[in-house]
Amino acid sequence: MANSSPARRRGTLLVGSAAVLGFLTACGNGDVGAAPAKTVSGSAAPATETSAPAESTGSPDPADTPSPVTQSGGTTNPSSAPDTATKTVKPDSAKSTRCHTSELRAAVGRNDPGAGQENFPVVLTNKSSRTCTLRGYPGAAFVNASGTQLGPDPQRTSGSPVTVTLRPGQSAWAGLTFSNPQISGAKTAKPASLVITPPDERDPLKVTWTGGAVPVSGNSSSVRLTVFAPGSGA
């Protein structure tokens, strides 16, 4: 058997390898064919990546944090805390210095007629132990023995009220005037008493009337009162 040279053996191996590769290539193209590439019309949409959820940092959102509430030994919610602000308390207003009915004594002074008018001073005297004041007009009405009023309420004359200060024992007076019934021709009646009410009071004082007949209706039957002034009107 003839010996082959190394060069010849390498040539034979190369030829055999080429034959094997050709056979495998032919089998792959014929039995397992690759699907032809398809062309899709339109623009390719960009790839969209799904964002991963943000990780919690462990700190709550301030907007979601509930307001503190009052707890035992805890935090006090300003909106629900009791109002502890110091409130200014005004001192009580000074007591009224007005003379009350119970502190006064009433009287009717002497008539001082003139120009067809009858003029009587209505006098109130402070019988209390404190100083008090009178201001304005008295209330007055003539009444009979049974207490029924005679004639209409007296009218008030124009005047400027002043505050009259009465120390214990001091007096103030208001004028009570009316036309002489014999001159005016008014219908008359003879009162038993004159009821006097101090300014701004409700309780009256009663004084026996000794001034004779007074007009109660008809012409010039009005009785008038003036404001209080210091003194007794004598």
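Being a predicted model, the structure only gives us computed values, none of them experimental.

Draft legend 1. Fine view of the state of the cysteines. Going through the model one piece at a time under the given rule, you end up with one disulfide. Sulfur-sulfur distance for the disulfide between Cys99 and Cys132 comes to 1.9 Å. Taking the sign of the torsion about the S-S bond as the criterion, the disulfide between Cys99 and Cys132, at about 90°, is right-handed. Of the two residues, Cys99 sits in the loop between helix H1 (6-31) and strand S1 (104-108) while Cys132 sits in strand S3 (residues 132-135), which places them 33 residues apart along the sequence. Judged on exposure class, the residue Cys99 and its partner Cys132 are both buried.

Draft legend 2. Region of interest: the pairing of strand S4 (residues 139-143). Within S4, four of the five residues are buried, which leaves the element mostly enclosed by the surrounding structure. Pairing geometry for S4 and strand S10 (residues 193-197), over five bridges, is antiparallel. Pairing of Val143 across the sheet is with Ser193, part of S10. Here two bridges tie S4 to strand S5 (residues 149-150), and the two strands are oriented antiparallel to one another. For Val143, the partnering residue across the bridge sits in S5 and is Gln149. Hairpin connection from S4 to S5: five residues lie between these consecutive antiparallel strands, with Gly147 at a positive phi of about 90°.

Draft legend 3. Structural view of the packing of aromatic side chains. All told, the structure shown has three aromatic pairs when counted by the stated rule. Taking the centre distance of 6.1 Å and the plane angle of 20° together, the rings of Phe120 and Phe178 count as stacked. Here Phe120 is found in strand S2 (residues 117-126), whereas its partner Phe178 is found in strand S8 (residues 171-179), with 58 residues between them in sequence. The two residues Phe120 and Phe178 agree in class, both being buried. Centroid distance Phe142 to Trp209: 5.0 Å. Interplanar angle 75°. Geometry classified as edge-to-face. Taken together, the positions of Phe142 in strand S4 and Trp209 in the loop between strand S11 (205-208) and strand S12 (214-217) put the pair 67 residues apart, joining distant regions of the chain. Both residues of the pair, Phe142 and Trp209, belong to the buried class.

What counts, and where the lines are drawn
Residues numbered from 1 in each chain as written. Predicted model: local features only at pLDDT ≥ 70, side-chain atom pairs only at ≥ 80, totals over all residues. Heavy atoms only, no water. Disulfide = S-S within 2.5 Å. Helix = DSSP H or I, 4+ residues; strand = E, 2+ residues; numbered from the N terminus. Buried < 20%, exposed > 50% of the residue type's maximum accessible area, 1.4 Å probe, protein only. Pairing = 2+ DSSP bridges. Phe/Tyr/Trp six-rings, centres within 6.5 Å; stacked < 30°, edge-to-face > 60°.

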